[in-house]
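Here are the chains, one letter per residue:
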Number of protein chains: 2
Amino acid sequence: MFCGTQFSIYPMSDDFVDVILGSIGPLQHRDDIRVETDDLSTLVVGTPNAVFTTVRDVYAEACRRGGHVVLSATFSRGCPGEPDDPMCVPEKPAGATASTAQTEVVTPLAIDVAAQYSLYPLGIPSYMDVIYREIAEAKKAACYDRGKNFCTRLKGDLSDVFAVFGRTFESAARETGHVVLTATVSKGSPSQKQGG
Amino acid sequence: MFCGTQFSIYPMSDDFVDVILGSIGPLQHRDDIRVETDDLSTLVVGTPNAVFTTVRDVYAEACRRGGHVVLSATFSRGCPGEPDDPMCVPEKPAGATASTAQTEVVTPLAIDVAAQYSLYPLGIPSYMDVIYREIAEAKKAACYDRGKNFCTRLKGDLSDVFAVFGRTFESAARETGHVVLTATVSKGSPSQKQGG
């Protein structure tokens, strides 16, 4: 399996360079993930859990630096065009099951965000069934907001929003080898009060 | 058919509100597209051509206001979850063919950008063949840059970059009813010189 993300942090402020570099800088010292940054995005390759928590924590760090900050990310696993990579295979502790992973306690990050995401299970004619099932599952989450054209809105603590992303991605991956999830997360938008 | 986009403009500057509102404001006066904006993105529904040219022109206007500005967009057509909409059906002039549309002259906008995009043809087991074919086609374009994990990089005039997006989207739509293309376009990044 190959699993990773291309993600970007967009701080809407004149000091955007400091916010971006300060947030992604610590990734260079990690040996459990592979990281490549260019002018458009940062690639993180690793286990699904490592990939999601890394992006969440980088974005949380950018949010703590203040102002209006947006995250845009594409998460992908199982793309047939990418080579298998041992770095992407989770080490399962003895006795671990998918359901224990799903019910793990999420620690709040105290960062309020609005988000929208889309799920693309590829290569199977029944992909809409998977999408509808995952939307139904997301509606049970406290951070579910509403459906929009082409995506689903969430609203709440950053940790809860990422818990939905991770669960959706893992659950869809049981139906098809190649799953893509795209997400936009926004903190501190001045138009948040008027929005949807 | 239903065709549209959710797109966002991210100006990396303190006056981001003015740049965003100044760029998307004129959309409210159009009657050939449907437009809805919230705090996360702007929806545009219309013919494929109207959708792509609208997003391109809004982003061009934001770029002209200066600084580092990023566009993030998800283009979608034929989603089974969306109702058919007459607004999305192109009016074909007599004698028009797909090939004449593909060879139309693209007027340069004199805005240099870097971009990356991903194509998701949904619901068909042969989707990777479509993706590989479209990447091979994109390599013929002068603005082709290189492949990255999960996406393809372009570099050049904004008009040429959008010509590749539009051609890719239209061509993939001949293989499956539901096609999604996600794109990131960046102008004025201070790290562009060091990037990939």
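You'll find the structure just up there.
Residues numbered from 1 in each chain as written. Chains lettered and ligands numbered in written order. Predicted model: local features only at pLDDT ≥ 70, side-chain atom pairs only at ≥ 80, totals over all residues. Heavy atoms only, no water.

With that out of the way, let us pick up the packing of helix α4 (residues 127-138) of chain A against helix α5 (residues 158-172) of chain A. All names here are of chain A. Across the interface, α4 lies against α5 with an axial gap of 10 Å and an inter-helix angle of 150°. Between α4 and α5 the crossing geometry is right-handed. Contacts between α4 and α5 pair V130, R133, E134 and A138 from the former with V164, T168, S171 and A172 from the latter. Among the residues making up the contact of α4 with α5, the classes are represented as 4 nonpolar, 2 polar and 2 charged. (Axes fitted to C-alpha atoms, helices over the stretch in contact; angles between N-to-C directions. Helix = DSSP H or I, 4+ residues; strand = E, 2+ residues; numbered from the N terminus. Left-handed = near helix turned anticlockwise from the far one by under 90°. Contact = heavy atoms within 4.5 Å. Nonpolar A, V, L, I, M, F, W, Y, C, P; charged D, E, K, R; others polar.)

All names here are of chain A. On the basis of which strands lie adjacent, the open sheet formed by 8 strands has the order β2-β3-β1-β4-β8-β5-β7-β6 and antiparallel pairing. Two strands lie at the open edges of the sheet, namely β2 (34-37) and β6 (144-148), each paired on one side alone. Strand-to-strand twist of the sheet, defined as the mean angle between neighbouring strand axes without regard to direction, takes the value 20°. Note: strand β5 (residues 112-122) against strand β8 (residues 178-187), 9 bridges, orientation antiparallel. Across the sheet, residue Y120 finds its bridge partner in β8, namely V180. (Pairing = 2+ DSSP bridges.)

Every regular strand shows the same layout, with side chains that alternate between the two sheet faces. Residues and elements named next belong to chain A. For strand β4 (residues 69-77), the tally of buried residues reaches 9 of 9 residues, placing the bulk of the element in the interior. Side chains V69, L71, A73, F75 and R77 project from β4 onto one buried face, and the interleaved V70, S72, T74 and S76 project onto a second face that is buried too. Relative to β4, strand β1 (residues 3-11) is paired through 9 bridges, and the arrangement is antiparallel. Within β4, the residue paired with S8 across the bridge is S72. With 9 bridges joining them, β4 and β8 adopt antiparallel strand pairing. (Buried < 20%, exposed > 50% of the residue type's maximum accessible area, 1.4 Å probe, protein only.)

The next thing to look at is the interface of chain A and chain B. Contact with chain A, which involves 55 residues of that partner, is made by 55 residues of chain B. For the chain A and chain B pair, buried surface summed over both sides reaches about 4,300 Å², with 62% attributable to carbon and sulfur atoms. Together, A:D39, A:L40 and A:F150 form the three largest contributors to the area buried by chain A at its contact with chain B, with a combined 18%. Here chain A is connected to chain B by 8 salt bridges. (Buried area = accessible area lost by both parts, 1.4 Å probe. Salt bridge = Lys/Arg side-chain N within 4 Å of Asp/Glu carboxyl O.)

Let us look at the relation of the copies chain A and chain B. With an axial shift of 0.0 Å and an RMSD of 0.0 Å, the rotation relating chain A to chain B amounts to 180°. Taken together, the rotation angle and the small translation identify this as a two-fold axis. Same-surface contact between copies: 100% of interface residues of chain A are shared with the interface of chain B. (Least-squares fit on C-alpha atoms with pLDDT ≥ 70 in both.)

Residue and element names in this part refer to chain A. Of all the positions in helix α1 (residues 16-24), only F16, V19, S23 and I24 are classed as buried. Angularly, the buried residues of α1 cover 105° about the axis, an arc narrow enough to put them on a single face. What points out from α1, more than 90 degrees from its buried face, is the exposed set D18 and L21. Looking at the buried residues of α1, the elements they touch are β1, β2, β3 (42-45) and α2 (48-64). (Arc of directions from axis to C-beta.)

Residues and elements named next belong to chain A. Enumeration according to the criterion identifies 16 aromatic pairs over all chains in this entry. Relative to F162, the ring of F52 lies with its centre 6.5 Å away and its plane at 75°, an arrangement referred to as edge-to-face. Here F162 lies in helix α5 and F52 lies in helix α2, a separation of 110 residues in the sequence. On the accessibility criterion, F52 (7% relative accessible area) is buried. Of the residues examined, F162 reaches a relative accessible area of 5% and is grouped as buried. Put simply, the rings of F52, F75, Y117, F162, F165 and F169 touch in pairs and so form one group of aromatic residues. (Phe/Tyr/Trp six-rings, centres within 6.5 Å; stacked < 30°, edge-to-face > 60°.)

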